[in-house]
Amino acid sequence: MAESRPEYPTPGDVGQILISSEAIQARVGELGRQITDDLVGEVPLLVGILKGSALFTADLMRSIRGPVEIDFMAVSSYGDATRSSGVVRIVKDLDAPVAGRHVILVEDIVDSGLTMTYLLEHLSGQGPASVRSCALLVRETGDAPPPAVDYVGFEIPPAFVIGYGLDVAQRYRNLPYIAVYTGPT
Ligand code: 5GP
């Protein structure tokens, strides 16, 4: 006999939906068109940062009209579960060199910006033709302004969010929307 499927998401863990699935898809389409226009005649290399930006990177790639390549890096940030420390360790590096390539770094969310700043410097040191930055979300912190991001999906208020690739303890990445996490921390 089939087991009944446990309720998902866990009640109490998912708060307000900040960005609907439809709004995400529409905005990703716009970003793809913008990147297509900005890099006419070039073959951009999207560098997605695992695991959070996996879904965004895949959708962004589909929304670019013309040749485009994809690669991934994985980093681990020394911090607690909900705050990055800015000290980044590269767990998986790129498969191919980026020298001479037009690179677009694709992040899920920019909070302090430390992760993105570190990775932009890391990539810039490898002789690419250009490096651009793209983030689905940028959090308004009210503190120091985050680093200039070339392509921003949405600015969000200071709340910890889940969904569309973003997790808590590896869960909730498959929610199709971005929601405030209201579960235990
Ligand atoms: P930053 O270095 O900009 O302070 O932090 C960026 C990284 O912290 C993101 O790539 C992500 O892994 C994590 N992060 C920051 N804010 C959130 C959030 O609201 N939800 C989740 N799931 N991860 C976050």
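Please read all numbers here as calculations on a predicted model, not as lab measurements. (Residues numbered from 1 in each chain as written. Predicted model: local features only at pLDDT ≥ 70, side-chain atom pairs only at ≥ 80, totals over all residues. Heavy atoms only, no water.)

A. Structural context of the environment of Arg 101. Relative to the helices and strands, Arg 101 resides in the loop between strand E4 (88-92) and strand E5 (102-110). With 25 residues separating them along the chain, Arg 101 and Gln 126 place their C-alpha atoms 9.8 Å apart. Leaving out residues up to four positions away in the same chain, Arg 101 has contacts with Val 43, Pro 44, Leu 45, Glu 69, Pro 128, Ala 129 and Ser 130. (Helix = DSSP H or I, 4+ residues; strand = E, 2+ residues; numbered from the N terminus. Contact = heavy atoms within 4.5 Å.)

B. Representation of the site of the ligand. Surrounding the ligand, one finds 16 residues, the nearest of these being Ser 112, Gly 113, Thr 115, Arg 139 and Val 161. The separation between an oxygen atom of the ligand and a polar side-chain atom of Glu 107 is 3.2 Å. The backbone of Val 161 places a nitrogen or oxygen atom 2.7 Å from a nitrogen atom of the ligand. Alone, the ligand offers 510 Å² of accessible surface; in the complex the protein occludes 85% of this. At the level of elements, E5 and helix H3 (114-124) are the ones that each hand at least two residues to the shell around the ligand. Taken together, the residues of the shell around the ligand sort by class into seven nonpolar, four polar and five charged. (Near = heavy atom within 4 Å. Polar contact = N/O pair within 3.5 Å; in protein donor to acceptor, adjacent residues only side chain to side chain. Areas by Shrake-Rupley, 256 points an atom, 1.4 Å probe, with all protein chains shown as cover. Nonpolar A, V, L, I, M, F, W, Y, C, P; charged D, E, K, R; others polar.)

C. A look at the environment of Gly 15. As for its position among the elements, Gly 15 is in strand E1 (residues 14-19). If sequence neighbours within four positions are ignored, Gly 15 has contacts with Ala 179, Val 180 and Thr 182.

Functional significance is not addressed by these values, which are geometric in nature.
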